Amino acid sequence: MKLSDAPARETKTAKPNLLTVEDAKALDIKKINELFTEHMNPGQLHFMKLLGFHKIKIERAEGMYYFDQNGRKILDFFGGFGSLAFGHNHPRILEARKKFAEEKRQEIAIAFLSQYATALAANLAACSPGDLDMVFLGSSGSEAMEAAIKVAERAAGPSRPKIVYAENSFHGKTKGVLSITDGTLYRGQFKLTDNTFRVPFGDIDAIEAAFKSDPTIGTIVLETVQGGGGIIEAPAEFWTKLRALCDKYGVLWVADEVQCGFGRTGKFYAFEHYGVVPDVTALAKSLGGGKAAMGAMIASRDVYMKAYGTSKTAMIHAMATFGGIGEASITSIEALNVLYDEGLIDNSAETGDYLIAKLRELHAKYPTLLKDVRGRGMMVGLEFHDFSQTLPLVLRPVVAALDDKLKGSLPGFIGSHLLRDHGVLVAFTEYNRNVIRLEPPLICTRENVDEFIAALDEVLSRGVVKIVTDFVRAQVG
């Protein structure tokens, strides 16, 4: 029977009451709040209300700034947790994507070889030191890290499946890498794999003891800079000793560079500061140029070929449907070229030094509020004292008992004031809630730093009592 001979349907499929793109653009902030509560994450909205973020509708973004529904500029020192190296809507990246669409290039053609995915893989290999030259493309940092631990476990062999990871680590929220993410909140009582062993971050003696005592350990996974842990670095000598230990015991080292890589610390990879090369690494976030979801695992050829090097094993972890799709790949190709053409890695190092120097001046000016300034490049942590330590000596013993419950409140108050009073956006860290995380775009200038520092200086100058009372008044208002 031909399709034309099929009996006509009495009714057509009814279209639901769908919003159009123009409808979405026109939603007011009240309706956005309602829909978010009804269909997305009402619990998250509670925290956004505390900080005042729920009142803001972003209408557009360009360079270092968002623009809200009132036309107000918001300086972005959050940077999407490191995903906006090029700022918002970089013109070269927009143009590359526009041309790709206008030429009606293929987006998904997984039956064929992709000129765009293969070119991106070649570019990533060219940017990577040593023999890191085999690439897997995905669409997130979690997916890239899943690929990283799978290639390492396959290469290590079935007799060495155990993975060492660090305290206060964050490697993603998908179930495999959640097993090596050290956060009770994120683990959420899920049943996770148990072939893992945790060590303190930067503790080379603990790592060697683990390697010595357990021959089933085949992989160690570490962020080169801990982001969620509060912008924490290990000493330089740790990394050279780690490389030597891994070579001695035949353990594969996976460097998670999802947040700290792609030029953020003033080198393409953060591990390049230490003159060492891991066996496997991963990138994401700014690899997508601020316009595409892109992640990549990059492994040494030896490791990759041990894992997937035959026709029988090649498809065990081949790219998924959206891995290396056309427009995402050309976006990343252009992003890599812009990164070098515009000297953004060098700018990250130089302007990052300026930012840290200015923050250290504020640290000296407000020692009872600020505990530490740390980081490098455009990945900086600003740690505040526990609440009790910001108060007069006579009050500290009374308030100290509440310090743990109050952790994160002072940075939250300050972040709220920065946004409301100065149009400056900052981020926070998951594990050390006393830390404000600064990851501005790598296009950041000294003028942008000066604008941020002036805003932060004004808020800190109020002192802790006024910082708190101003926050309370804003909440009541």
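All figures in this text were calculated on a predicted structure; none of them were measured in a lab.

Undergrad: Explain the packing of aromatic side chains residue by residue, including any values.
TA: The geometry of two aromatic rings is summed up by the distance between their centres and the angle between their planes. In total, this model carries 17 aromatic pairs according to the counting rule given. Aromatic pair F238 and W239: ring centres 4.8 Å apart, planes at 85 degrees, arrangement edge-to-face. The pair F238 / W239 is uniform in exposure class, with both members buried. Aromatic pair F268 and Y269: ring centres 4.8 Å apart, planes at 85 degrees, arrangement edge-to-face. Of the two residues, F268 and Y269, both sit in the buried class. One aromatic cluster in this structure is built from F86, F201, F238, W239, W253, F262, F268, Y269, F271, Y274 and Y340. In this structure, R60 packs its charged tip against the face of F67, placed 3.9 Å from the ring centre. Sitting above the plane of the Y65 ring, K73 keeps its charged end 4.2 Å from the centroid.

Undergrad: Residue-level account of unusual backbone geometry, with values.
TA: Within the chain, I231 stands out as a residue other than glycine whose phi angle is a positive 60 degrees. Counting through the fold element by element, I231 comes out in the loop between β8 (225-226) and β9 (232-233). Phi at F262 takes a positive value of approximately 65 degrees, unusual for a residue other than glycine. Residue position: F262 is located in the loop between β10 (252-256) and β11 (280-283). A residue is classified by how much of its surface remains accessible, and F262, at 2% relative accessible area, is buried.

Undergrad: Describe a nonpolar patch on the surface, naming the residues involved and giving the relevant values.
TA: On the surface, a cluster of nonpolar side chains totalling about 330 Å² of accessible area is made up of I108, I110 and F322. Inspection of the secondary structure puts F322 in the loop between α12 (301-308) and α13 (326-341).

Undergrad: Which residues make up helix α7 (residues 141-156), and what values do they have?
TA: Look at α7: 22 Å from first C-alpha to last across 16 residues, which is about the 22 Å you get at 1.5 Å a residue. All buried positions along α7 are accounted for by G141, S142, A144, M145, E146, A147, A148, I149, V151, A152 and A155. Backbone geometry just after α7 places G157 at a positive phi near 100 degrees.

Undergrad: Tell me about the layout of surface pockets, and please be specific about residues and values.
TA: Approximately 660 Å³ is the volume attributed to the second largest pocket. Taken together, 28 residues line the second largest pocket, and the ones lying closest to its centre are L113, S114, A117, T118 and M319. Listed by contribution, the elements that provide at least two residues to the lining of the second largest pocket are α6 (115-127) and β4 (132-138). Classifying every residue of the lining of the second largest pocket gives 18 nonpolar, eight polar and two charged.

Undergrad: Just give me the short version of the sheet that holds strand β15 (residues 424-425), but keep the residues and values in it.
TA: Here we have four strands laid out as an open sheet, ordered β1-β2-β3-β15, and mixed in their pairing. In the strand order of this sheet, the two ends are held by β1 (58-62) and β15, each with one partner. Relative to β15, strand β3 (residues 73-76) runs parallel, the two sharing two bridges. In the strand pairing of β15, L75 is matched with V424.

Undergrad: Could you give an account of empty space enclosed by the protein, with specific residues and numbers?
TA: The tally for this structure, following the rule as stated, stands at two cavities of 30 Å³ or more. Counted as a void, the largest cavity has a volume near 50 Å³. Lining the largest cavity are G82, A85, E257, V258, Q259, G261, F262, R264, A284, K285, S286 and L442. Its residues assigned to classes, the lining of the largest cavity shows five nonpolar, four polar and three charged. No fewer than three residues from each of domain 1 (56-89 + 344-476) and domain 2 (93-342) sit in the lining of the largest cavity. Approximately 40 Å³ is the volume attributed to the second largest cavity. D386, F387, L406, K407 and N434 are, among the 11 residues lining the second largest cavity, the residues nearest its centre. Secondary-structure elements contributing two or more residues to the lining of the second largest cavity are α16 (403-406) and α17 (409-422). For the lining of the second largest cavity, the element with the most residues is α17, which contributes three residues. When the residues that make up the lining of the second largest cavity are grouped by side-chain class, the tally is four nonpolar, four polar and three charged.

The rules we used
- Residues numbered from 1 in each chain as written.
- Predicted model: local features only at pLDDT ≥ 70, side-chain atom pairs only at ≥ 80, totals over all residues.
- Heavy atoms only, no water.
- Phe/Tyr/Trp six-rings, centres within 6.5 Å; stacked < 30°, edge-to-face > 60°.
- Buried < 20%, exposed > 50% of the residue type's maximum accessible area, 1.4 Å probe, protein only.
- Lys NZ or Arg CZ within 6 Å of the ring centre and 35° of its normal.
- Helix = DSSP H or I, 4+ residues; strand = E, 2+ residues; numbered from the N terminus.
- Patch = residues over 30% accessible without salt bridge, like charges linked within 9 Å, V, L, I, M, F, W, Y side chains within 5 Å.
- Areas by Shrake-Rupley, 256 points an atom, 1.4 Å probe, with all protein chains shown as cover.
- Salt bridge = Lys/Arg side-chain N within 4 Å of Asp/Glu carboxyl O.
- Expected span 1.5 Å × (residues − 1).
- 1 Å grid on protein atoms, 1.4 Å probe; cavity = no way out; pocket = protein on both sides within 12 Å on 5 of 7 lines; lining within 4 Å.
- Points joined across faces, edges and corners; volume = space filled by probe spheres on them.
- Nonpolar A, V, L, I, M, F, W, Y, C, P; charged D, E, K, R; others polar.
- Pairing = 2+ DSSP bridges.
- Domains from an automatic or database assignment.

The quantities given are spatial measurements derived from coordinates; they are silent on function.
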